[in-house]
Amino acid sequence: FRRLLSFLPAYDGIYSDDQYSPGEYQKTGIIFNKEMITISGKKMLFSDDSYSFPRPPLQVYIQAFRNQKWFDFTLIVLHLKALGGEENEARRRSACEKLKNYLDLEITNSADQDYMVIGDWNDELSDPSADNIFQVFLNDPLNYSFLTQILLNDPAVNATYIGSFNSIIDHILISKDLESEYTNGYLQLIKADQFFSAYTYEVSDHRPVGVKFFVF
C-alpha cells in the first residue's frame, strides 16, 4: 500500500486497523487526492461483532474542496463475509440489518446526512426477496439506494467478480440526502482485466466500480 502511494505523489491513503487472522490478511483502505480532500474522524465500526463483521467497516468523514465549492459526506468501506451457504448468508444479512440500524440512527442525529457505503458486500442485489440479504435496505427506497443496481440491466456483461460465478457483488449504497449531489452523475464498471492481462493474477478477482459526482 505504501509502495503504491510512493508512485502517486499527489495522493495519500489510510487503511483499517483490524487484523482478523495471523499472517497475511486483507484490509479496507482509502486513497485520496490530498490537495482536494481532507479525511477526519477515522474509526472502525462493529469491532466487537466478529459474527456479522469479520472485518470491521472503516468509517471516515470526507471533505472535498474545489472551485470554491465544498462536497462533504461520511464514507464507510466494508468487506462482508465471503462464500455461499446458509451460515455465510445469515452473517451477511445480520451485517446489513445492523448497518441499517446504525445508519438510521446516525442520519437522524447528524447535522450532515450524506452517507455512502462502498465495498465488497459478497452478495447479489438480484436475489429473490426471501433470500436477499439487502432486503432491509431495498424495503426503504425513500432513504437508501444502491447505485450499482443499474449494473443488473446486463449482469453477464457487468460482473464485478470475475471468478467462476461472474456475479455482481461489489456495491455502492447512498443515503437519500446524497442523491441530490448525484444528479447527472454516473456509475461505471472498470474492466481493468481487459487491458491488463495479468490483472486477475497480480491485482484482484474483483473489478473496480467507479462513481462520479458532478459537484464542482
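Reading the values: the criteria
- Residues numbered from 1 in each chain as written.
- Predicted model: local features only at pLDDT ≥ 70, side-chain atom pairs only at ≥ 80, totals over all residues.
- Heavy atoms only, no water.
- Helix = DSSP H or I, 4+ residues; strand = E, 2+ residues; numbered from the N terminus.
- Rg over C-alpha atoms; globule rule 2.2 N^0.38 Å.
- Buried < 20%, exposed > 50% of the residue type's maximum accessible area, 1.4 Å probe, protein only.
- Contact = heavy atoms within 4.5 Å.
- Areas by Shrake-Rupley, 256 points an atom, 1.4 Å probe, with all protein chains shown as cover.
- Salt bridge = Lys/Arg side-chain N within 4 Å of Asp/Glu carboxyl O.
- Pairing = 2+ DSSP bridges.
- Axes fitted to C-alpha atoms, helices over the stretch in contact; angles between N-to-C directions.
- Expected span 1.5 Å × (residues − 1).
- Core = buried A, V, L, I, M, F, W, Y, C linked by side-chain atoms within 4.5 Å.

A. Structural detail: the overall build of the chain. Within the chain, the secondary structure is distributed over four helices and ten strands. When the helices and strands of the chain are listed from N to C terminus, the series reads α-β-β-β-β-β-α-β-α-β-β-β-α-β. Relative to the compact-globule value of 17 Å for 216 residues, the chain shows a C-alpha radius of gyration of 17 Å, a close match. Considered along the principal axes of its C-alpha atoms, the chain spans approximately 50 × 45 × 40 Å. A buried classification covers 43% of the 216 residues belonging to the chain. For the chain, the proportion of contacts with a sequence separation of at least 24, taken over those separated by at least 6, is 61%. Taken as a whole, the chain presents about 12000 Å² of accessible surface, with 50% of it coming from carbon and sulfur.

B. The arrangement of the pattern of salt bridges in detail. The final tally for this structure, using the stated rule, is seven salt bridges. For the salt bridge of Lys-42 with Asp-17, the shortest nitrogen-to-oxygen distance reads 3.0 Å. One end of the pair, Lys-42, is in strand E3 (residues 37-44); the other, Asp-17, is in the loop between strand E1 (11-15) and strand E2 (29-33), with 25 residues separating them in the sequence. The closest approach of N and O atoms between Glu-179 and Lys-176, which form a salt bridge, is 3.2 Å.

C. Highlighting the pairing of strand E5 (residues 69-79). In terms of burial, E5 is a largely internal element, eight of the eleven residues being buried. In the sheet, strand E4 (residues 58-66) pairs with E5 via nine bridges, with the strands oriented antiparallel. Of the residues in E5, the one forming a bridge with Tyr-61 is Thr-74. Between E4 and E5, which pair antiparallel and follow one another directly, the connecting turn spans two residues, one of which, Asn-67, has a positive phi of 50 degrees. Here E5 pairs with strand E6 (residues 115-120) via six bridges, running parallel.

D. Molecular detail of the sheet that holds E6. An order of E3-E4-E5-E6-E8-E7 is seen for the six strands of this open sheet, with the pairing classed as mixed. Among the strands making up the open sheet, the edge pair consists of E3 and strand E7 (144-146). Along the sheet, successive strands turn relative to each other by an average axial angle of 20 degrees, direction set aside. Most of the contacts of helix H2 (residues 86-109) go to E6, to which it runs at about 160 degrees, and overall it touches E3, E4, E5, E6, E7 and strand E8 (170-175).

E. Inspection of the side chain of Thr-28 at higher detail. For Thr-28, the location among the structural elements is in the loop between E1 and E2. Apart from the residues within four sequence positions on either side, Thr-28 is in contact with Tyr-15, Ser-16, Leu-58, Val-77, Leu-78 and His-79.

F. Highlighting H2. Compared with an ideal rise of 1.5 Å per residue, which puts 24 residues at 34 Å, H2 spans 35 Å between its outermost C-alpha atoms and is within 8% of the ideal. What H2 keeps buried is the set Asn-88, Arg-91, Arg-92, Ser-94, Ala-95, Cys-96, Leu-99, Lys-100, Tyr-102, Leu-103 and Ile-107.

G. Molecular detail of the nonpolar core. Counting residues in hydrophobic clusters, the biggest one holds 25 residues, and the most contacted among them are Ile-30, Leu-75, Met-116 and Phe-213. Contributions of two or more residues to this core are made by E2, E3, E4, E5, E8 and strand E9 (186-189). Excluding its chain neighbours within four sequence positions, the residues that come into contact with Ile-30 are Phe-1, Asp-12, Gly-13, Ile-14, Ile-39, Leu-58, Val-60, Leu-75 and Val-77. Membership of the second largest hydrophobic core comes to 22 residues, among which are Phe-53, Ile-76, Leu-125 and Phe-146.

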